[in-house]
Amino acid sequence: MKENTLNYITYGMYVLTFKENDKIGGCIINTFSQVTSQDEVITINLNKNNYSNEVIKRTKKFAINIISENIDRNIIANFGFRSSRDTDKFQDVNYFLEDDNN
């Protein structure tokens, strides 16, 4: 995690994303908070039946993307109302992947 990233966390909505092998996906979450400032411990909540939850349990990795108040509502619909299990949610989304092993 980059230094001072936790300073940008507020109540809001986030896109939680994952990558497993060559598949990327994600979902909308609204529960993401800092637990401690030392060792950068955070908490997130996902439905236990959510495909993103299954992948994160296997890979132990995910990314949190802070959604701007000015986000295109289609992004929320895309990541919030369909499953990554059977949908490529990134098909029409501009994105980049960053590998941060810290």
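Residues numbered from 1 in each chain as written. Predicted model: local features only at pLDDT ≥ 70, side-chain atom pairs only at ≥ 80, totals over all residues. Heavy atoms only, no water.

**Student:** Tell me about the confidence of the model for the protein, residues and numbers included.
**Tutor:** Of the residues in the protein, 87% have a pLDDT of 70 or more, and the chain-wide mean is 86. Within the protein, the lowest mean pLDDT, 82, falls on strand β3 (residues 32-36), and the highest, 96, falls on helix α1 (residues 51-59). (pLDDT = per-residue confidence, 0-100. Helix = DSSP H or I, 4+ residues; strand = E, 2+ residues; numbered from the N terminus.)

**Student:** Please give an account of the pattern of salt bridges that cites residues and values.
**Tutor:** Taken as a whole and assessed by the stated rule, the structure comprises two salt bridges. For R58, the salt bridge is made with E20, and the minimal N-O distance between the two is 2.8 Å. Taken together, the residues span a long stretch of sequence, with R58 in helix α1 and E20 in strand β1 (residues 14-20) at a distance of 38 residues. (Salt bridge = Lys/Arg side-chain N within 4 Å of Asp/Glu carboxyl O.)

**Student:** So what about the packing of aromatic side chains? Which residues, and what values?
**Tutor:** Scanning the entire structure with this criterion turns up four aromatic pairs. Ring centres of F79 and F90 lie 5.1 Å apart, and the angle between their planes is 75°; on these two criteria the pair is classed as edge-to-face. Of this pair, F79 sits in helix α2 (residues 73-80) while F90 sits in the segment after α2; the two residues are eleven residues apart in sequence, bridging distant segments of the chain. On the basis of relative accessible area, F90 is assigned to the buried category, the value being 11%. Ring centres of F90 and Y95 lie 4.9 Å apart, and the angle between their planes is 65°; on these two criteria the pair is classed as edge-to-face. Put simply, the rings of F79, F90 and Y95 pair up and form one aromatic cluster. (Phe/Tyr/Trp six-rings, centres within 6.5 Å; stacked < 30°, edge-to-face > 60°. Buried < 20%, exposed > 50% of the residue type's maximum accessible area, 1.4 Å probe, protein only.)

**Student:** Tell me about α1, and name the residues and values.
**Tutor:** Among the residues of α1, those classed as buried are Y51, S52, N53, V55 and I56. Those residues of α1 that are buried are in contact with β1 and β2 (23-29). If you check the start of α1, you find a side-chain oxygen 2.7 Å away from the backbone N of S52, and it comes from N50. K60, located one to two residues past α1, shows a positive phi value of around 65°. (Contact = heavy atoms within 4.5 Å. Polar contact = N/O pair within 3.5 Å; in protein donor to acceptor, adjacent residues only side chain to side chain.)

**Student:** Just give me the short version of the sheet that holds β2, but keep the residues and values in it.
**Tutor:** Taken together, the three strands give an open sheet; going across it, the order is β2-β1-β5, and neighbouring strands pair in antiparallel fashion. Because the sheet does not close on itself, it has two edges, and the strands there are β2 and β5 (63-66). On average, each strand axis in the sheet is inclined to that of its neighbour by 25°, with strand direction left out of account. Against the sheet, α1 makes contact with β1 and β2, and its axis sits at roughly 50° relative to β1, the strand it touches most. (Pairing = 2+ DSSP bridges. Axes fitted to C-alpha atoms, helices over the stretch in contact; angles between N-to-C directions.)

**Student:** Break down unusual backbone geometry for me, citing the residues and quoting the values.
**Tutor:** Here N21, not a glycine, exhibits a phi torsion of approximately 55°, which is positive. Relative to the assigned elements, N21 resides in the loop between β1 and β2. The residue K60 is not glycine, and still its phi comes out positive at about 65°. Positionally, K60 belongs in the loop between α1 and β5. The class for K60 is exposed, based on a relative accessible area of 68%.

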